[in-house]
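Letter by letter, the chains look like this.
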Amino acid sequence: MFGLMDVFLKNDPLSLQKDILDHVEFTVAKSRFNFDDFEAYHALAHSVRDRLIERWHDTQIHFNRKGPKRLYFLSLEFLMGRSLSNTVINLGVRDQFADALSQLGFEFEVLAEQEGDACLGNGGLARLSACQMDSLATLDYPAIGYGLRYQYGLFRQVILDGFQHEQPDYWLNFGNPWEIERVHITYPVKFYGTVTDEVLNKEKHKVWVPGEVVEAVAYDNPIPGYGTRNTIVLRLWAAKPSDQHNMESYNTGDYVDAVVNRQRAESISSILYPDDRSYQGKELQLKQRYFFVSASVQDIIRRFKDTHKNFNEFPEKVALQLNDTHPSLAIAEVMRVLLDEEHLGWNRAWDIICKIFSYTTHTVSSEAMEKIPVDLMGSLLPRHLQIIYDINFNFMEKLKKMIGLDYDRLARMSIVEEGAVKNIRMANLSIICCHTVNGVSRLHLELLKTKVFRDFYELWPHKFHYKTNGVTQRRWIVVSNPSLCALISKWLGTEAWIRDIDLLIGLRDHATNAELHQEWKMELCNDLMLVCTIGNVQVSLNAMFDVHTKRIHEYKRQLLNILGIIHRYDSIKNMNKNDRKKVVPRVCIISGKAAPGYEIAKKIIKLCHVVAEKINNDNDIGDLLKLVFIPDYNVSVAELVIPGADLSQHLSTAGHEASGTSSMKFLMNGCLLLATEDGSTIEMIEEVGRENMFLFGASVNDVPALREKGPALKVPLQFLRVVRMIRDGHFGLKDYFKSLCDKIETGNDYFLVGADFASYLEAQAAADKAFVDEDRWTQMSILCAAGSGKFSSDRTIQEYAEKTWGIQPCRCPS
Ligand SMILES: CCc1ccc([C@H](C)CC(=O)N[C@@H]2O[C@H](CO)[C@@H](O)[C@H](O)[C@H]2O)cc1
């Protein structure tokens, strides 16, 4: 493992021990002779942070000296998880710290468990942002991530009697050693008010007189690269009351109101919206989005103007990436600043906008496309609504010239959706203004071209591209699966794959090597056992660990998995002793959160628990089949579960998963996939070969026709039987589960749970058959890991940098 030379801070055991004990005494303020694991963790974290800050300063100085084009990555969500282990590994000082700690009588892993997850996001999009920040730093790209410093992250999932309950996640309770509050980096953010015309040196200008102003304060989270000195920043904004507007209210004596008003300011950035289905249309949600967009845009323009007198070079120095439409108000905000504050004039400002913005969409369904009511926009952001209307007017004029008076199409493409409630279509605004629109997998782009954005694709085919998602092998192998990491480095004879994952392909040469097989099998039986014991479910050692971990959604079809388990249970029950000997023991693990308002998803979680209750306590079954629901799924639970999984499930109805990223993490860890041909799984088949996967289900082209069939659709008896068992109350609560059964009743089964049931069972049987042939399974597992290189976020980021953002690496001298 390399350790780059730190200028001031030494990494020899004695220096590290001294630093840690100094932080115990002077940062944590506990006597260095008496402190517990939690205090030791905080002292350790601050010692590591010191080395992070040193590299971050060097990187910033280098960037300022070189003045490269920078990427600004705007995302409302970043699912960072824990930082300690990832940071010491990327800095190349893990072993040094572990040694120093053991000499102080502490174990690194024990202290690492003290850290809480930073859960500032919902699911796929949020974790993707975090993986991409790791790759941007590691590949030396000059980039800054902008987001919100939620005081409450994604809710804690507590399961009581099989039901999901949400608990607030006040993650900042004991402070956060991984952030630096930038008290001097603050910006006023305006809301409400009116827009007036003003004449300045004979030119008419718009002036926005706000009704409310709050302060945005920056909190910086240094993001270290692996194998480089480069350390970039994730700048998260927190809302604070601004002093500007409340003085007078003090004088009028209603002091309490004044303070309450001030508190109101902080609520803007306080809570993450836990629903990853669609925009809730709430005023506070829009306030949150504009708050982070305005602070970020002011910061970007301030940094540019620090070194430039005018905006001529702005497009050459700034690339703005919109992570879905959530930050797309940034378009109107940059336009407002260039027009009203920099007085650039419309055409010049518009020309800049179209050169700096790019947008990636993560959704496949038009329903999930964000729309903001015009009234709400008009009252909260009156000037932005004007600008969006102007953008739409110019676009409509141009469109009429290009496509003629095709009113339906004009209405579909307009940014303004007419109707009882007029809405602003944020996706249309983003497509019209951005130079590039990216999907997150090749199939996703096909769906965008043919369905979701068909009108725009036919108008501007050159704008539409895709960058298949990826995940960082640093966190998902090196941090979470150190034994596999060592095994891969041994057989490849180098650790270079950690920065250059295509080298993994070298494992192919050893895929049938008996010695590797031996070691690989050893490595595979990771500590999932422990997880199950957490769930106090005794499991058999040679069971297949079958894992299904992701947000609970009907389209992800956790229900198909549960119905498959009921079928397996029922089949074993009806087997004679002899046949039972051939049953491959299974431990089925399901985990994931349901959006609080998503009733059906919550019923799926309850169904999982009542089925588990039945099966796990059925002595007749013994440990031939177990079902465990792991509560409160998050990044740290994923780091525990993924390395120990033998089989992982990705069951989305074809055409519904834009990409999927958990599948990539399982693949990298040699876990086999049972999946539909959807999202990025189609590209995995090309990389690892369909013979090394268990594929099933209707293809994306077959789905519409199957749906057409409605009640005539054929479903297998096994499906009808297991649904009947639920309906008849075999697992209790038959009235409660009625709506769930009605939703998959033939003719109503939009996500084709019934239609895909037969091929699903065949795929499961194929997995059983392969699992008992250990050499075959191990070979398949090695070939999956060997073929997973494409799905590194390093490849994704490299493609974005070269083809979308036009940024180059800017490596800080080491
Ligand atoms: C405003 C509510 C909201 C919040 C988040 C989202 C996300 C876009 C949902 C999401 O995480 N989508 C997932 O993004 C992953 C990363 O690209 C993909 O791999 C998944 O297929 C996609 O479902 C939608 C709506």
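Residues numbered from 1 in each chain as written. Predicted model: local features only at pLDDT ≥ 70, side-chain atom pairs only at ≥ 80, totals over all residues. Heavy atoms only, no water.

## Regarding the pattern of salt bridges
Argument step 1. For the structure shown, the criterion picks out 64 salt bridges.
Argument step 2. The shortest N-O distance in the salt bridge between Arg580 and Asp620 comes to 2.9 Å. You can see Arg580 sitting in helix α24 (residues 577–581) and its partner Asp620 sitting in the loop between α25 (599–616) and β21 (625–629), a full 40 residues away along the chain.
Argument step 3. For Arg580, a relative accessible area of 15% gives the class buried.
Argument step 4. Classification of Asp620 by relative accessible area gives partly exposed; the value is 39%.
Argument step 5. Each of Arg182, Asp220, Arg235, Asp299, Arg302, Arg303 and Asp306 takes part in a single network of salt bridges with overlapping partners. (Salt bridge = Lys/Arg side-chain N within 4 Å of Asp/Glu carboxyl O. Helix = DSSP H or I, 4+ residues; strand = E, 2+ residues; numbered from the N terminus. Buried < 20%, exposed > 50% of the residue type's maximum accessible area, 1.4 Å probe, protein only.)

## Thoughts on the sheet that holds strand β4 (residues 143–148)
Argument step 1. Spatially, nine strands are ordered β7-β10-β11-β4-β1-β12-β13-β17-β18 in an open sheet, and the strand pairing comes out mixed. Edge strands, defined here as strands with exactly one partner in the open sheet, are β7 (180–191) and β18 (464–466). Averaged over all adjacent pairs, the angle separating strand axes in this sheet is 25°, with direction ignored.
Argument step 2. Where strand β12 (residues 318–323) meets strand β13 (residues 357–360), four bridges bridge the pair, whose relative direction is parallel. (Pairing = 2+ DSSP bridges. Axes fitted to C-alpha atoms, helices over the stretch in contact; angles between N-to-C directions.)

## Brief notes about the pairing of β13
Argument step 1. Side chains Phe357 and Tyr359 of β13 all project onto a buried face; the interleaved residues Ser358 and Thr360 project onto the opposite face, where all are buried too.
Argument step 2. As defined by bridge partners, β13 adjoins strand β17 (residues 436–439) across three bridges and the pair is classed as parallel. Each residue of the ladder has a partner; that of Ser358, found in β17, is Thr436.

## What about the UniProt feature "modified residue: N6-(pyridoxal phosphate)lysine" (unreviewed entry) in the protein?
Argument step 1. According to UniProt, the feature "modified residue: N6-(pyridoxal phosphate)lysine" (unreviewed entry) maps to Lys665 in the numbering used here.
Argument step 2. As for its placement among the helices and strands, Lys665 is situated in helix α27 (residues 662–668).
Argument step 3. Note on Lys665: relative accessible area 7%, which makes it buried.
Argument step 4. Beyond its immediate chain neighbours, meaning those up to four positions away, Lys665 contacts Arg127, Val471, Trp476 and Ile642. (UniProt positions renumbered as here; feature names shortened; annotations may be inferred. Contact = heavy atoms within 4.5 Å.)

## Let's talk about the site of the ligand
Argument step 1. Residues in contact with the ligand amount to 21 residues; listed here are only the nearest, Leu125, His362, Asn469, Glu657 and Gly660.
Argument step 2. Backbone polar atom of Gly660 to an oxygen atom of the ligand: 2.8 Å apart, as the coordinates give it.
Argument step 3. A total of 570 Å² of accessible area belongs to the ligand in isolation, and the protein chains cover 94% of it.
Argument step 4. The element best represented in the shell around the ligand is helix α6 (residues 124–138), accounting for three residues.
Argument step 5. Per-class residue counts for the shell around the ligand are five nonpolar, eight polar and eight charged.
Argument step 6. Counting contributing residues per domain, the shell around the ligand is built from domain 1 (67–82 + 117–158 + 171–468 + 799–805) and domain 2 (529–791), each supplying no fewer than three. (Near = heavy atom within 4 Å. Polar contact = N/O pair within 3.5 Å; in protein donor to acceptor, adjacent residues only side chain to side chain. Areas by Shrake-Rupley, 256 points an atom, 1.4 Å probe, with all protein chains shown as cover. Nonpolar A, V, L, I, M, F, W, Y, C, P; charged D, E, K, R; others polar. Domains from an automatic or database assignment.)

## Remarks on the sheet that holds strand β22 (residues 647–650)
Argument step 1. Overall, parallel pairing links the six strands, which are arranged β21-β20-β19-β22-β23-β24 in an open sheet. One side of each edge strand has no neighbouring strand; the edge strands of this open sheet are β21 and β24 (694–696). Across the sheet, the mean angle separating the axes of adjacent strands is 15° when strand polarity is ignored.
Argument step 2. Of the strand pairs in this sheet, strand β19 (residues 544–549) and β22 are connected by two bridges, and their pairing is parallel. Each bridged residue has a counterpart across the sheet, and for Asp546 the counterpart in β22 is Leu647.
Argument step 3. Packed on one face of the sheet, helix α33 (residues 774–786) meets β19, β22, β23 (672–676) and β24 and runs near 75° to β23.

## A short note on the packing of helix α9 (residues 283–307) against helix α11 (residues 329–341)
Argument step 1. Here α9 crosses α11 at 45°, and the two axes come no closer than 9 Å. With respect to α11, the element α9 is oriented oblique. Pair α9 / α11 crosses with right-handed handedness. When α9 is examined against α11, the residues Leu286, Arg289, Tyr290, Val293, Ser294, Val297 and Ile301 are found in contact with a partner set consisting of Leu329, Ala330, Glu333, Val334, Arg336 and Val337.
Argument step 2. Taken together, the residues of the contact of α9 with α11 break down into nine nonpolar, one polar and three charged. (Parallel < 35°, antiparallel > 145°, perpendicular 65-115°, else oblique. Left-handed = near helix turned anticlockwise from the far one by under 90°.)

## Regarding the environment of Tyr152
Argument step 1. By secondary structure assignment, the location of Tyr152 is in strand β5 (residues 152–160).
Argument step 2. The spacing of Tyr152 and Ser270 is 118 residues in sequence and 5.9 Å in space, taken between C-alpha atoms.
Argument step 3. Leaving out residues up to four positions away in the same chain, Tyr152 has contacts with Pro168, Asp169, Tyr170, Trp171, Ser270, Ile271 and Leu272.

## Considering the state of the cysteines
Argument step 1. A complete count under the given rule lists zero disulfides for this structure.
Argument step 2. Between Cys784, a free cysteine, and Cys671, which holds the nearest cysteine sulfur, the sulfur-to-sulfur gap is 8.2 Å.
Argument step 3. Accessibility expressed as a relative area gives 0% for Cys784, which makes it buried.
Argument step 4. No disulfide involves Cys812; its nearest neighbouring cysteine sulfur is the one of Cys810, lying 8.3 Å away. (Disulfide = S-S within 2.5 Å.)

## A look at the side chain of Glu333
Argument step 1. The topology assignment puts Glu333 in helix α11.
Argument step 2. A polar contact is formed between the side chain of Glu333 and the side chain of Ser294, at a distance of 3.3 Å.
Argument step 3. Excluding residues that lie within four positions of it along the chain, Glu333 makes contacts with Tyr290, Val293, Ser294, Val297 and His384.

## Let's talk about unusual backbone geometry
Argument step 1. Phi angles above zero are rare outside glycine, and Asp140 is one such case at about 65°.
Argument step 2. With respect to the secondary-structure elements, Asp140 resides in the loop between α6 and β4.
Argument step 3. Judged by its relative accessible area of 5%, Asp140 is buried.
Argument step 4. Here the phi dihedral of Tyr192 falls at roughly 55°; this positive angle occurs in a residue that is not glycine.
Argument step 5. Topologically, Tyr192 is positioned in the loop between β7 and β8 (194–200).

## Quick word on the domain arrangement of the protein
Argument step 1. We note that the domain assignment places domain 1 (67–82 + 117–158 + 171–468 + 799–805) and domain 2 (529–791) within the protein.
Argument step 2. Here the C-alpha centroids of domain 1 and domain 2 sit 37 Å apart.
Argument step 3. Facing the 29 residues of domain 1 at the interface are 34 residues of domain 2.
Argument step 4. Regarding the contact of domain 1 and domain 2, the summed buried area is about 2300 Å², with carbon and sulfur atoms giving 56% of it.
Argument step 5. Interface area lost by domain 1 to domain 2 is led by Gln157, Arg277 and Leu443, which between them contribute 28%.
Argument step 6. The interface formed by domain 1 and domain 2 includes two salt bridges. (Buried area = accessible area lost by both parts, 1.4 Å probe.)

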